[in-house]
Number of protein chains: 2
Amino acid sequence: MTGILAEKTATSPVGGGSVTGEAPSGGSGTSAEHEARAALMRAADVGDAIMGRLVTQYGAPGAVEVIRARTLPPDFIAQEAQQERPPNLTARLNTWYARLAAANPAADLEAGERSGARLIIPGSPEWPTQLDQLGPSRPLGLWLHGTADLRFSCLKSVAVVGARAATAYGAHIAAEFGVGLSESGWTVVSGGAFGVDGAAHRGALAADSPTVVVLACGVDVCYPSGHDTLFTAARNQGVVISECPPGVHPTRARFLIRNRLIAALSRGTVVVEAALRSGALNTAAHALTLNRHLGAVPGPVTSGMSAGCHRLLRERKAVCITSPEEMIDLVGVIGDDLAAHSRAPAVPRDKLNETTRRVLDAIPSRGGAGPASIAVAAGVGLDTALSALGGLAAAGYIERTTNGWRLRKQTTTYPKVPDSAALEPPPTPEPTDPTQDPLFADDDCPSPDDLTEHG
Amino acid sequence: MTGILAEKTATSPVGGGSVTGEAPSGGSGTSAEHEARAALMRAADVGDAIMGRLVTQYGAPGAVEVIRARTLPPDFIAQEAQQERPPNLTARLNTWYARLAAANPAADLEAGERSGARLIIPGSPEWPTQLDQLGPSRPLGLWLHGTADLRFSCLKSVAVVGARAATAYGAHIAAEFGVGLSESGWTVVSGGAFGVDGAAHRGALAADSPTVVVLACGVDVCYPSGHDTLFTAARNQGVVISECPPGVHPTRARFLIRNRLIAALSRGTVVVEAALRSGALNTAAHALTLNRHLGAVPGPVTSGMSAGCHRLLRERKAVCITSPEEMIDLVGVIGDDLAAHSRAPAVPRDKLNETTRRVLDAIPSRGGAGPASIAVAAGVGLDTALSALGGLAAAGYIERTTNGWRLRKQTTTYPKVPDSAALEPPPTPEPTDPTQDPLFADDDCPSPDDLTEHG
């Protein structure tokens, strides 16, 4: 009965409401199944693989009976004994039994419904099937609170994770990624924590797109409490989810297990900022284990908050990501979401052909030189030199003096900059005005696309 | 005769002086050989592979004769015709001929000697044999000006390169690398330009170690002139080198060809800062072509001056380098120069065993709980729970109240931080005081060394 209520909330506007319009009966979940799983979510720790296998073989109601009877089927015991590290089944069973005795699934389902949440289970229309990749540690069920449809929202989703103690730089980048990914139609999944998580969610909300907040506590518990308004906004525009029963508070263990959901829900994870010890690196490890894409945003090497990202890059576990487009390029479908290849800007000199460049290089900056000596210096014929000189003069690169040809002042005077100037970039030249093209600027080389031309 | 003078300078204190104590006659170079190569250095462009092959087959004096006679040996012509892109040998020969006619090698050698420089050629005791890897584009000779021995200095050397228009960040990092590499006994090789190059050289000089400045102009030409004092210091403590004859001014082409020397002299190259169009990326390409190690220092993704580095990382052409130690780790001899693996700091909780952690997680932050319920929540036996509780209380993690056990206030109050706090890191706890160990700090996860433990 309460199970039915739980399903009802999936469409009742009262209950935060699902906008999918899918009939509650659309899922394979039954009221008995819901109530049984709600009970098991109390009995087992989140991500308990043994419980997962028990439910897979005997169904949720069956598992409840087994635990109530306090005796595991012999074949199950035999099978668990085959595990790499055979668990202490008796201890585990006693724990389940004691917790199940104290559990009140009906009350949980009612509490959840009261708070406006809905319980979905494997087979429910809203269930994200990519979670099945978690195998026996797949959640027994998920509490959802929000207007967005979880399954649909996660079809194209990216996890943006990082340090709670984010720097201004990290928070800025996280928000940029939240906006950028959303505007390209990608859902931002994160943990709702302070710092990077919060900034990423805010960016997504600012871009009027749904965002998925994965909590390590009950969806009716607001942790951190400072994110009260953020979670409200996320519920109105996206969805807040958790595999914990209502009222459950977060623990270290739950944070770590929760991270596997963030990684499993998304096509890829990008770490924006992470110290060498950071929960974000744990999420990154889950993404790698699940063979999802992993990206890391570099930062100043002087910032400890980027040390974790740099470590992932250094160990080649993550791809270097500098923009939302590059992340989409990583997780997107080839030919569909490819980002534009960052190209170096073109400068007027690029238009000069090889010979003309050689002539230009052969022209002195001081004094002057005649066509003949220029031709020798450039290693070209006299006719070639003469025609090139004409073109270069017309383009404003060189000028004729009484002593012969020389580079035009603007382009020739070597920068007599004080060394302190090395600390800030010099005024960049107008690329459209060839006469301003600096002779030895940093773009003093072929575009990186011909990087190896001098190899 | 002038050739002899040139060799003399290799040991004469007048001539800037070599401190190697190697006898001038130690090299296979003869006065004739020196004078011939000085002449060819005028006739051919730097890095001219055809000239390289000509000299390899007929020797420098032989090549001079061939050019003076203005007729290439038939077999050489035939062989060049086999090249992928057969060159216009006639045009090339005419260029060489015209330049050779205008060249005055004796004057060059005298000018070099006057400026205090010395000319070394393949076979000279000071010749860095790693340059032979450049094949036919190997320099015909090198002008050196400084007290350091080039060959010895480059045995353990790293090229530190980057943008002229370096940011304060880039200049800071470059200087750090200059100091760090030098203090570990590694010679810093760079191009003596403004920005990253200059900062790296200064760092090395500050660490009282030799540094190698590779110029794209004659060693007696000061470009950039703003680095006059820097080059003087480099000559007194290290060595300034160039493959250009005395008095030659830099050109774009010479900068690009020069970069291959920087890469070829060093065991590895690290790019500190580079825009998408930067000469540093050209040096990086040379390093890759020569199968030398390549590193790139990440920076803020908001800085265009790091875009080139991030591109190298993204394309996995370069290794992510965040400290001089990591660069030494890359180029060093395994077991000899290995850098310490950056490890996450340990926190008191690490010392708690699995069971004790589970019990700690099961203890409520508000109110209190009795040992029995804690045991159930933690999923351990009552005896185990009781002993763990004793230990945790002794360690200051928990306290006993009239309602039972609860976490000690310092460790329990959830951070009610305003969201703005996400912008700056919170005060870091005293790691030695367990009672200050924050419950959900960023180190709220296993050390990255067990990253995959939850996979």
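None of these values were measured; they are calculated from a predicted model. (Residues numbered from 1 in each chain as written. Chains lettered and ligands numbered in written order. Predicted model: local features only at pLDDT ≥ 70, side-chain atom pairs only at ≥ 80, totals over all residues. Heavy atoms only, no water.)

Caption draft 1: Looking closely at unusual backbone geometry. With an omega of -5°, the peptide bond running from A:Y223 to A:P224 counts as cis. Inspection of the secondary structure puts A:P224 in the loop between β5 (211-214) and α10 (228-237). For A:D208, which is not a glycine, the phi torsion comes out positive at approximately 55°. Turning to its location among the elements, A:D208 is positioned in the loop between α9 (196-206) and β5. Unlike most non-glycine residues, B:R70 shows phi in positive territory, near 60°. A relative accessible area of 40% means that B:R70 is categorised as partly exposed. (Helix = DSSP H or I, 4+ residues; strand = E, 2+ residues; numbered from the N terminus. Buried < 20%, exposed > 50% of the residue type's maximum accessible area, 1.4 Å probe, protein only.)

Caption draft 2: Local environment of the packing of aromatic side chains. Residue and element names in this part refer to chain A. Across all of its chains, the model carries four aromatic pairs over all chains by this definition. A ring pair is formed by Y58 and F76, whose centres lie 6.3 Å apart and whose planes are at 70°; its orientation type is edge-to-face. Here Y58 is found in helix α3 (residues 49-69), whereas its partner F76 is found in helix α4 (residues 74-81), with 18 residues between them in sequence. You can call Y58 partly exposed: its relative accessible area is 27%. The ring of F255 carries R164 above its face, with NZ or CZ at 5.1 Å from the centroid. (Phe/Tyr/Trp six-rings, centres within 6.5 Å; stacked < 30°, edge-to-face > 60°. Lys NZ or Arg CZ within 6 Å of the ring centre and 35° of its normal.)

Caption draft 3: Representation of the packing of helix α15 (residues 354-362) of chain B against helix α16 (residues 371-378) of chain B within the structure. Residue and element names in this part refer to chain B. Put simply, α15 and α16 touch, their axes get as near as 8 Å, and they point 115° apart. At the point where α15 passes α16, the crossing takes the right-handed sense. Contacts between α15 and α16 involve R358, V359 and A362 from the former and I374, A377 and A378 from the latter. The residue makeup of the contact of α15 with α16, split by class, is five nonpolar, no polar and one charged. (Axes fitted to C-alpha atoms, helices over the stretch in contact; angles between N-to-C directions. Left-handed = near helix turned anticlockwise from the far one by under 90°. Contact = heavy atoms within 4.5 Å. Nonpolar A, V, L, I, M, F, W, Y, C, P; charged D, E, K, R; others polar.)

Caption draft 4: Inspection of the state of the cysteines at higher detail. Inspection of every chain in the model, using the stated rule, returns zero disulfides over all chains. Of all cysteine sulfurs, the one in A:C217 lies closest to A:C244, which takes part in no disulfide; the gap is 7.0 Å. (Disulfide = S-S within 2.5 Å.)

Caption draft 5: Geometry of the sheet that holds strand β4 (residues 187-190) of chain B. Residues and elements named next belong to chain B. If you walk across this open sheet you meet the nine strands as β1-β2-β6-β5-β4-β3-β7-β8-β9, and the pairing is mixed. At either end of the open sheet lies a strand with only one pairing partner, and these are β1 (118-120) and β9 (319-320). Where strand β3 (residues 157-161) and strand β7 (residues 268-271) come together, four bridges link them in parallel fashion. What sits directly across from V158, in β7, is G268. Relative to the sheet, helix α6 (residues 105-115) contacts β1 and β2 (142-146), its axis offset from that of β2 by approximately 20°. (Pairing = 2+ DSSP bridges.)

Caption draft 6: View of the UniProt feature "domain: Smf/DprA SLOG" (unreviewed entry) in chain A. Here the UniProt-annotated "domain: Smf/DprA SLOG" (unreviewed entry) positions come out as residues 119-330 of chain A. What you have in residues 119-330 of chain A is 38% helix and 16% strand, and the ends, taken at the C-alpha atoms, are 33 Å apart. (UniProt positions renumbered as here; feature names shortened; annotations may be inferred.)

Caption draft 7: Representation of the sheet that holds strand β6 (residues 239-242) of chain A in the model. Residues and elements named next belong to chain A. In spatial order, the strands read β1-β2-β6-β5-β4-β3-β7-β8-β9; together these nine strands make up an open sheet with mixed pairing. For this open sheet the edge positions go to β1 (118-120) and β9 (319-320), each flanked by a neighbour on one side alone. Relative to strand β2 (residues 142-146), helix α6 (residues 105-115) is tilted by about 20°, and along the sheet it contacts β1 and β2. Strands in contact with α10 are β2, β5 and β6; relative to β6, the strand with the most contacts, it is inclined by about 105°.

Caption draft 8: How the structure looks around α6(A). Every buried residue of α6(A) is accounted for by A:P105, A:D108, A:L109, A:A111 and A:G112. Seen along its axis, α6(A) keeps its buried residues to an arc of 160°; they face one direction. (Arc of directions from axis to C-beta.)

Caption draft 9: Here's a closer look at the nonpolar core. A:L150, A:V212, A:V271, B:L150 and B:V271 are the most contacted members of the largest nonpolar core, which has 70 residues in total. Excluding anything up to four places from it in sequence, A:V271 contacts A:V161, A:A280, A:A284, A:L294, A:G295, A:A296, A:V297, A:C309 and A:L312. (Core = buried A, V, L, I, M, F, W, Y, C linked by side-chain atoms within 4.5 Å.)

Caption draft 10: Summary view of the environment of A:L389. Residue and element names in this part refer to chain A. Counting through the fold element by element, L389 comes out in helix α17 (residues 382-394). On the basis of relative accessibility, which here comes to 1%, the residue L389 falls in the buried class. Linking L389 and R400, residues eleven residues apart in sequence, is a C-alpha distance of 9.5 Å. Those residues in contact with L389 that sit more than four places away from it in its chain are V359, I363, P371, I374, I398 and W405.

Caption draft 11: Inspection of the side chain of B:T283 at higher detail. All names here are of chain B. Relative to the assigned elements, T283 resides in helix α12 (residues 279-289). Classification of T283 as buried rests on a relative accessible area of 2%. What T283 contacts, discounting residues up to four positions off in sequence, is V161, N259, I262, A263 and T269.

Caption draft 12: A look at the confidence of the model for chain A. Residue and element names in this part refer to chain A. Residues at a pLDDT of 70 or more form 80% of chain A, whose mean pLDDT is 84. Predicted confidence is poor over residues 1-29, with pLDDT under 50, and the contacts of this stretch with residues over four places away or in other chains come to 56 contacts. Per-residue pLDDT stays below 50 along residues 411-455; that stretch engages in 103 contacts with residues further than four places along the chain or on separate chains. At the level of chain-chain contacts, confidence expressed as ipTM amounts to 0.77, with global pTM at 0.78. (pLDDT = per-residue confidence, 0-100.)

Caption draft 13: Layout of helix α12 (residues 279-289) of chain A. Residue and element names in this part refer to chain A. The buried fraction of α12 is high, at nine of eleven residues. Among all positions in α12, only G279, A280, L281, N282, T283, A284, A285, H286 and A287 are buried. Along its buried surface, α12 packs onto β3 (157-161), α11 (252-265), β7 (268-271), β8 (293-296) and α13 (307-314). N291, located one to two residues past α12, shows a positive phi value of around 55°.

Caption draft 14: The pattern of salt bridges, seen in detail. Residue and element names in this part refer to chain B. Counted under the stated rule, the structure contains 28 salt bridges over all chains. The partner of R37 in a salt bridge is E33, and the shortest N-O contact between them spans 2.9 Å. One end of the pair is R37 and the other is E33, both in helix α2 (residues 31-43) and four residues apart, which spans about a single turn. Classification of R37 as buried rests on a relative accessible area of 7%. By relative accessible area, which is 18% here, E33 ends up buried. Here E126 makes a salt bridge to R118, at a shortest N to O gap of 2.7 Å. Overall, E126 belongs to the buried group, its relative accessible area being 5%. (Salt bridge = Lys/Arg side-chain N within 4 Å of Asp/Glu carboxyl O.)

Caption draft 15: Spatial organisation of the packing of helix α2 (residues 31-43) of chain A against α3(A). Residue and element names in this part refer to chain A. The contact between α2 and α3 brings their axes to 9 Å, and the two run at 100°. Relative to α3, the element α2 lies roughly perpendicular. In this structure, α2 uses E33, A36, R37, L40 and A43 to contact α3, whose residues at the interface are M51, V55, A60, P61, A63, V64 and I67. In the contact of α2 with α3, the residues fall into ten nonpolar, no polar and two charged. (Parallel < 35°, antiparallel > 145°, perpendicular 65-115°, else oblique.)

Caption draft 16: Local environment of the environment of A:V188. All names here are of chain A. Counting through the fold element by element, V188 comes out in strand β4 (residues 187-190). For V188, a relative accessible area of 0% gives the class buried. C-alpha of V188 to C-alpha of S209: the two residues are 21 residues apart in sequence and 8.7 Å apart in space. What V188 contacts, discounting residues up to four positions off in sequence, is V158, V160, G178, L181, S182, A200, A204, P210, T211 and V212.

Caption draft 17: Representation of the pairing of strand β10 (residues 398-401) of chain A within the structure. All names here are of chain A. Relative to strand β11 (residues 404-407), β10 runs antiparallel, the two sharing four bridges. Note on β11: the bridge partner recorded for I398 is L407. From the end of β10 to the start of β11, which pair antiparallel, there are two residues.

Caption draft 18: Fine view of the environment of B:E273. All names here are of chain B. Locating E273 in the fold gives a position in the loop between β7 and α12. Spatially, the C-alpha atom of E273 lies 20 Å from that of D329, the residues being 56 residues apart in sequence. Sequence-distant contacts of E273, that is, excluding residues within four places in its chain, are made with V161, G162, A163, A166, T167, Y169, G170, V196, S303, M305, S306 and C309.

Caption draft 19: How the structure looks around the pairing of β5(A). All names here are of chain A. Here β5 shows no split at all, with T211 and V213 on one side and V212 and V214 on the other all buried. Note that β4 and β5 share three bridges and pair parallel. If you follow S190 over to β5, its bridge partner there is V213. One crossover worth recording links β4 to the parallel β5 by way of α9, and it is right-handed. As judged from the three bridges shared by β5 and β6, these two strands associate in the parallel manner. Across the sheet, V213 pairs through a bridge with V240, a residue of β6. (Right-handed = clockwise from strand over helix to strand, strands pointing away.)

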